[in-house]
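# Summary of the model geometry
Given next are the chains, with one letter for each unit.
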Amino acid sequence: MAIRIKKDGSVQSGLVDDNVVQPFRLEKSNVRGRMVRMGDVLKQIMEQHDYPPAVSGLLSEVVTVCLLLSGMMKYEGIFTLQIKGSGPIRLLVADVTSKGEVRAYAGFDEAAVKKAAKRKKDPVHHHYHLLGKKGFMAFTVDQGGSVNDRYQGIVELKGTSIMEAVQHYFTQSEQIKTSFKIAVHPQDTNWRAGGIMIQQLPDDEAGKGTENSIEDWTRAAMLLSTCSDGEMLSPVLATSDVLYRLFHEDGVRIYSPTHVRFKCRCSAEKVENILRTIPRAELEEECEKNGRVSIKCEFCSEEYVYKANQLDAVYGEKE
Ligand SMILES: [Zn+2]
């Protein structure tokens, strides 16, 4: 239980809504948006890995952005946000299914990250440079059907933060005005992240007799920029309360949220499919050397172990 502060300032007991994607709309300014708030699910994801704070901080941002962007699309399947860098951190990946099952992992050079992180004390911010000078960000919607069902957007990494890189993507490729704000607080026992994304509604969705005005958009974006990290991450303010505080003059309408949970999609079956693409002699050699073949899922760190006498079963299924 946590306390909840009502809009008139009074305090009410209630459960605060962590681990949600909360859609909303601003009636007066023809803006739609989403707020993401992550608590113990983010903690659960990060606890599966033992990443340095610089890496987990950036990965928390990627998870938050992934959830914000996924909420923007109508899809049945998997939404993936991937960032590839040329620096000590070479990969940050998060994906989420349309059911709200999220997972994430990072690929990096541990020694180089530790060395670079020593020079900067703040564990939360300013580690974007660890992605190096060249990199790109890609997002994919995989509906599970043919290649034609896949949608991919890709953009070079620009700016000084993940948020700026995403903002750059929208400025460059989308006609729809889009603005973001995110905050992360990655700490041992108190993992939290929050984010808000707003978009101007296309004219045909805005409704009859309404017109998108520059002033309306500018005001909404300005209001968003006033949202503090404290509000974004608050363990006592519900997402709807944060949105009301920010946008109450614009007639904020709250829709039902999507609840987010951690779930990995790895399985013995998938691992064995991969093993079967490797010549059996190689796996036998590995078993002779190390007594076993071991495959670890990068997303959840689950280890799949096969001994020499199990290889028959692995390869047998093929015939
Ligand atoms: Zn897994």
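Model, not experiment: these values are computed from the prediction. Within any chain, residue numbers begin from 1 and follow the written order of that chain's sequence. Per-residue local features of the predicted model are confined to residues with pLDDT of at least 70, and side-chain atom pairs are confined, for both listing and counting, to 80 or more; whole-chain, interface and lining totals are unaffected and use all residues. Note that the side-chain values use all heavy atoms of the structure and ignore hydrogens as well as water.

What follows deals with the pairing of strand β8 (residues 135-142). Most of β8 sits inside the fold, with six of its eight residues counted as buried. By definition, two strands form a pair when at least two bridges between them are found by DSSP. Secondary structure elements are defined from DSSP: runs of H or I of at least 4 residues count as helices, runs of E of at least 2 residues count as strands, and each element is numbered from the N terminus. Looking at chain direction, strand β5 (residues 78-85) and β8 are connected through eight bridges and run antiparallel. When the sheet's bridge partners are listed, F79 is paired in β8 with V141. Relative to strand β9 (residues 151-156), β8 runs antiparallel, the two sharing six bridges. Across the sheet, residue M137 finds its bridge partner in β9, namely V155. Any residue under 20% of the maximum accessible area for its type is buried, any over 50% is exposed, and the rest in between are partly exposed; the area is computed with a 1.4 Å probe on protein chains only.

A separate point is the pairing of strand β4 (residues 31-38). Burial runs high along β4: eight of the eight residues are buried. Taken together, the seven bridges between strand β3 (residues 20-26) and β4 define a ladder with antiparallel strand orientation. Each bridged residue has a counterpart across the sheet, and for Q22 the counterpart in β4 is M35. Between β3 and β4, which follow one another and run antiparallel, lie four residues, and N30 among them has a positive phi close to 55°. Two elements, β4 and strand β11 (residues 192-200), share eight bridges in a ladder whose sense is antiparallel. Across the sheet, the residue bridging to M38 is A193, located in β11.

The next point concerns the packing of aromatic side chains. Pairing of aromatic rings covers Phe, Tyr and Trp, the last through its six-membered ring, and needs centres within 6.5 Å; plane angles under 30 degrees mean stacked, over 60 mean edge-to-face, and all others mean tilted. Throughout the structure, instances matching the rule amount to seven aromatic pairs. Their ring planes at 85° and their centres at 4.7 Å tell us that Y105 and F299 sit as a pair that is edge-to-face. Highlighted residues: Y105 in strand β7 (residues 101-108) and F299 in the loop between β15 (293-296) and β16 (303-306), separated in sequence by 194 residues. Across the pair, F299 and Y105 agree in class, each one buried. Taken together through their ring pairs, the aromatic side chains of F79, F139, Y169, F170 and F180 make up a single cluster.

Read these as geometric descriptors, not functional statements.
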